[in-house]
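Residue-level structure breakdown
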Amino acid sequence: MDNIGAAFARVSKAMTQRPALGLGTGISKATMKNGLTCEIREGNWSLTADMPEQAGGNAAGPTPGVLGRAALGSCLAIGYRMRASVMQIPVEGIEVEIQADYNDGALFGTTTEAPPGYLEVRYTVTIDSDAPEETILQMLDEADRHSPYLDVFSRSQLCQRNVRIISSKQV
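Residues numbered from 1 in each chain as written. Predicted model: local features only at pLDDT ≥ 70, side-chain atom pairs only at ≥ 80, totals over all residues. Heavy atoms only, no water.

1. Examining the state of the cysteines
- Within this structure, the stated rule accounts for zero disulfides.
- Looking at the unpaired Cys 38, the closest cysteine sulfur is the one in Cys 159, lying at 17 Å.
- The buried category is assigned to Cys 38, whose relative accessible area is 12%.
- As a non-bridged cysteine, Cys 75 has Cys 159 as the owner of its nearest cysteine sulfur, 17 Å distant. (Disulfide = S-S within 2.5 Å. Buried < 20%, exposed > 50% of the residue type's maximum accessible area, 1.4 Å probe, protein only.)

Here's what the structure looks like:
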């Protein structure tokens, strides 16, 4: 078993013994900086998101849509690699392409016939492996069942908005 499979087994064993180890809350903060340029921070990581110039942005980074599709694609690719390691399936390469159909008219208020989110999301997995096709498909199915972002994209999530208003006006 390679180091990915060994790490997977170690974490899985620890969470089996202490399920609370698997619980957590991820906290990202997105702060507007200049126009539509947004700095995103979580832990030691910092990312930039923006909109293209034709939409009023500075094109200082990818759009939130690019980051969302990247989150799904990278989560799937990493999950496939982890699962292949656990199942000891030889894999030379994995590529996941995400295609998402959208109608920006909903974002800009020019249509009420489409939702502001994706209309459909498709993903294509290209895997370089000499393992039998049936084994690869079993691995992909197993990894998909455990994919956090495939779940986020596939299942309705409870979203709660909290609001804090800061005002410099004296009351």
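Still more ground to cover, so stick around.
2. Description of the packing of helix α2 (residues 64-86) against helix α3 (residues 133-145)
- For the pair α2 and α3, the least separation of the axes is 9 Å and the interaxial angle reads 120°. One way to sum up the angle between α2 and α3 is to call them oblique. In this structure, α2 meets α3 at a crossing whose hand is right-handed. Along its contact with α2, which presents Leu 76, Gly 79, Tyr 80, Arg 83 and Ala 84, the element α3 presents Met 139, Leu 140, Glu 142, Ala 143 and Asp 144.
- A breakdown of the residues in the contact of α2 with α3 according to their chemical character gives six nonpolar, one polar and three charged. (Axes fitted to C-alpha atoms, helices over the stretch in contact; angles between N-to-C directions. Helix = DSSP H or I, 4+ residues; strand = E, 2+ residues; numbered from the N terminus. Parallel < 35°, antiparallel > 145°, perpendicular 65-115°, else oblique. Left-handed = near helix turned anticlockwise from the far one by under 90°. Contact = heavy atoms within 4.5 Å. Nonpolar A, V, L, I, M, F, W, Y, C, P; charged D, E, K, R; others polar.)

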